[in-house]
Amino acid sequence: MPNETPTTLSVIDSEALAKLQAWQGRSETLADDITVAPVRALSATLDRDDALPEAGTRLPELWHWLYFLPHHRQSEIGEDGHAKRGGFLPPVPLPRRMWAGGRLAWEPGNPLQVGDRIERTSTIASVTHKAGRTGELVFVLVRHEVRNERGLALTEEHDIVYRAAAQPGEAGPPPTPAPKDAAFSRDIVPDDVLLFRYSALTFNGHRIHYDRRYVTQVEGYPGLIVHGPLIATLLVDLLRRNVPGAQLARFEFRAVRPTFDITPFRVHGKPGADGKTFSLWGEDADGWLTMQATAVLA
Ligand SMILES: C/C(=C\C(=O)SCCNC(=O)CCNC(=O)[C@H](O)C(C)(C)COP(=O)(O)OP(=O)(O)OC[C@H]1O[C@@H](n2cnc3c(N)ncnc32)[C@H](O)[C@@H]1OP(=O)(O)O)C(=O)O
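Basis of the calculations
Position numbers for residues start from 1 in each chain and track the written sequence from start to end. A pLDDT threshold of at least 70 governs which residues receive local features in this predicted model, and a stricter bar of 80 or more applies before side-chain atom pairs are shown or counted, although totals over entire chains, interfaces and linings include all residues. In computing side-chain properties, one takes all heavy atoms of the structure into account and sets aside hydrogens as well as water. Being near a molecule or strand, for a residue, comes down to having at least one heavy atom within 4 Å of it. Polar contact criterion, stated in full: a pair of N or O atoms within 3.5 Å, where within protein one must be able to donate a hydrogen and the other to accept it, and residues adjacent in sequence count only if both atoms are side-chain atoms. Every accessible area reported is derived by Shrake-Rupley at a probe size of 1.4 Å, with residue values counting cover from the shown protein chains alone. In DSSP terms, a helix is any run of H or I states spanning at least four residues, a strand is any run of E spanning at least two, and both are numbered starting from the N terminus. Each residue receives one of three labels: charged for Asp, Glu, Lys and Arg, nonpolar for Ala, Val, Leu, Ile, Met, Phe, Trp, Tyr, Cys and Pro, and polar for the others, Gly being one of them. Note on definitions: the grid is 1 Å and covers protein atoms alone; a cavity is a set of points where a 1.4 Å probe fits but cannot get out; a pocket is an open set with protein on both sides within 12 Å along at least five of seven lines; lining residues have an atom within 4 Å of a point. Grid points are joined across faces, edges and corners, and a volume is the space filled by probe spheres set on the points. Any Lys or Arg side-chain nitrogen located within 4 Å of an Asp or Glu carboxyl oxygen qualifies as a salt bridge. For every residue, the accessible area (1.4 Å probe, protein chains only) is compared with the maximum for its type, and the residue is labelled buried under 20%, exposed over 50%, or partly exposed between those bounds. Any helix carries an expected span of 1.5 Å times its number of residues minus one. We call two strands paired when DSSP finds no fewer than two bridges between them. To be clear, the arc concerns the directions from the helix axis to the C-beta atoms. Whether two residues are in contact is decided by their heavy atoms, any of which lying within 4.5 Å being enough.

A. Examining the site of the ligand more closely. With respect to spatial proximity, 29 residues lie near the ligand, and among them W99, A100, R133, T134 and G228 are the closest. One of the side-chain N or O atoms of R97 is found 3.1 Å from an oxygen atom in the ligand. Residue A100 places a main-chain N or O atom 2.9 Å away from a nitrogen atom belonging to the ligand. When the ligand sits alone it has 1100 Å² of accessible area, and the protein chains cover 83% of it. Broken down by secondary-structure element, the contributors of at least two residues to the shell around the ligand are strand 2 (96-106), strand 3 (117-132), strand 4 (135-148), strand 5 (151-163), helix 5 (228-242) and strand 7 (248-255). Grouping the constituent residues of the shell around the ligand by class yields 14 nonpolar, eight polar and seven charged.

Below, the structure is given as structure tokens:
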């Protein structure tokens, strides 16, 4: 019963939840062009030696996050660096926003390509209130459909989570040991430059990724937080490095524990028995699972 408000929750009562759920069904449509410059820049950020992209170059999976950027005016930005809430996204009164996960499916035979004119329709699919082990949570599920001149190319579900304010001495989510049976792995150093470059590429002003004073003193985390979409992109990139020619039909991921810039982390993968399904995951320097994902090849 995801919409029932447990008695242990404090900030959002059933009346407040009903107001937030009035956002369900709202939609917006944005248009963009798949241009070369962001593709070159992400390739460099991921430390790849790709050939120069040109019109018709296939956009790697998840690189569409370089487009449809949030062009809010400076006066529309809230304390956390995102747009003030209450526009397209509901005004959830829990201060700490995170990217929790997502599920994506690519249409066979219609890859996104450099040069495509693209359109994205986004709809607020649900607003749910949950009692998590870390405290009160509100999830906003946004469903996106991305089309190019040839029709539907991609459907995506994006889970955004909002957490209550940090409590003194609070612990993070209970940790789960990362699997130890990877077939391929890569070490990542999440320094400020990597985080800055990804924030800039995605025009993401969220302070948790670059403002150490804000993330430690206001949000109560020990360091800058590595973007969930960057880790997901690194997982798919790991697959592309180890399975030449890999193209995805589906990808789903869940961020289960924040990754901080204060230590290196690792991304891992292994094939499933069918040879088409891969498990991918992130592991922090303490050996805890940070992101779990499944990729299915086209
Ligand atoms: C960009 C950008 C922002 C970012 O990139 S932020 C960095 C990336 N995200 C993270 O690091 C999030 C890491 N995860 C967590 O901190 C915790 O997992 C989380 C989301 C706070 C939840 O922890 P809990 O331990 O409190 O949750 P429970 O395991 O007790 O589960 C309670 C219910 O919630 C559902 N749930 C939990 N995690 C997720 C998830 N990742 N995705 C979807 N749903 C989740 C769980 O299934 C439980 O639901 P029930 O219906 O079974 O009660 C930017 O902002 O732009």
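B. Up close: the layout of surface pockets. If you add up the space inside the second largest pocket, you get close to 330 Å³. Along the walls of the second largest pocket sit 18 residues, with P222, R257, P258, F260 and D284 positioned nearest its centre. Residue composition of the lining of the second largest pocket, grouped by class: nine nonpolar, four polar and five charged.

C. Quick peek at the pattern of salt bridges. Considering all chains together, one arrives at 22 salt bridges under this definition. In this structure, R147 engages E145 in a salt bridge whose closest nitrogen and oxygen atoms are separated by 3.1 Å. Look at E145 and you get partly exposed, because its relative accessible area is 31%. Several salt bridges converge on common partners, so that one network encompasses R48, D50, R186, D237 and R241.

D. Representation of helix 5. Between its terminal C-alpha atoms helix 5 stretches 21 Å, which fits the 21 Å expected from 15 residues at 1.5 Å a residue. Counting buried residues along helix 5, twelve of its 15 residues qualify, which places the element largely inside the surrounding structure. Regarding helix 5, the residues found buried are G228, P229, L230, I231, A232, T233, L234, L235, V236, D237, L238 and L239.

E. Inspection of the pairing of strand 9 (residues 277-283) at higher detail. Among the seven residues of strand 9, five are classified as buried, and the element is accordingly described as predominantly covered. Looking at chain direction, strand 8 (residues 265-271) and strand 9 are connected through six bridges and run antiparallel. Within strand 9, the position partnered with P271 by the bridge is F278. Linking strand 8 to strand 9, which pair antiparallel, is a turn of five residues; within it G275 sits at a positive phi near 75 degrees. As paired strands, strand 9 and strand 10 (residues 289-297) are joined by seven bridges and run antiparallel to one another. Its bridge partner being in strand 10, E283 is matched across the sheet by L289. With antiparallel pairing between neighbouring strands as the criterion, strand 9 and strand 10 make up a hairpin whose turn holds five residues, including G287 at a positive phi of roughly 90 degrees.

F. Structural detail: helix 1 (residues 14-21). Among the residues of helix 1, L17, L20 and Q21 are the ones counted as buried. Burial along helix 1 is one-sided: seen end-on, the buried residues are contained in an arc of 95 degrees. Pointing more than 90 degrees away from the buried face of helix 1 are the exposed residues E15 and K19. Close packing links the buried residues of helix 1 with strand 3.

G. Layout of the side chain of N204. Its location among the elements puts N204 in the loop between helix 3 (192-201) and helix 4 (212-218). With near-sequence residues (within four places) excluded, N204 lies in contact with H82, S199, H209 and H227.

H. Summary view of the environment of P108. Within the element layout of this structure, P108 appears in the loop between strand 2 and strand 3. Look at P108 and you get exposed, because its relative accessible area is 74%.

Purely geometric stuff here, so don't read any function into it on its own.
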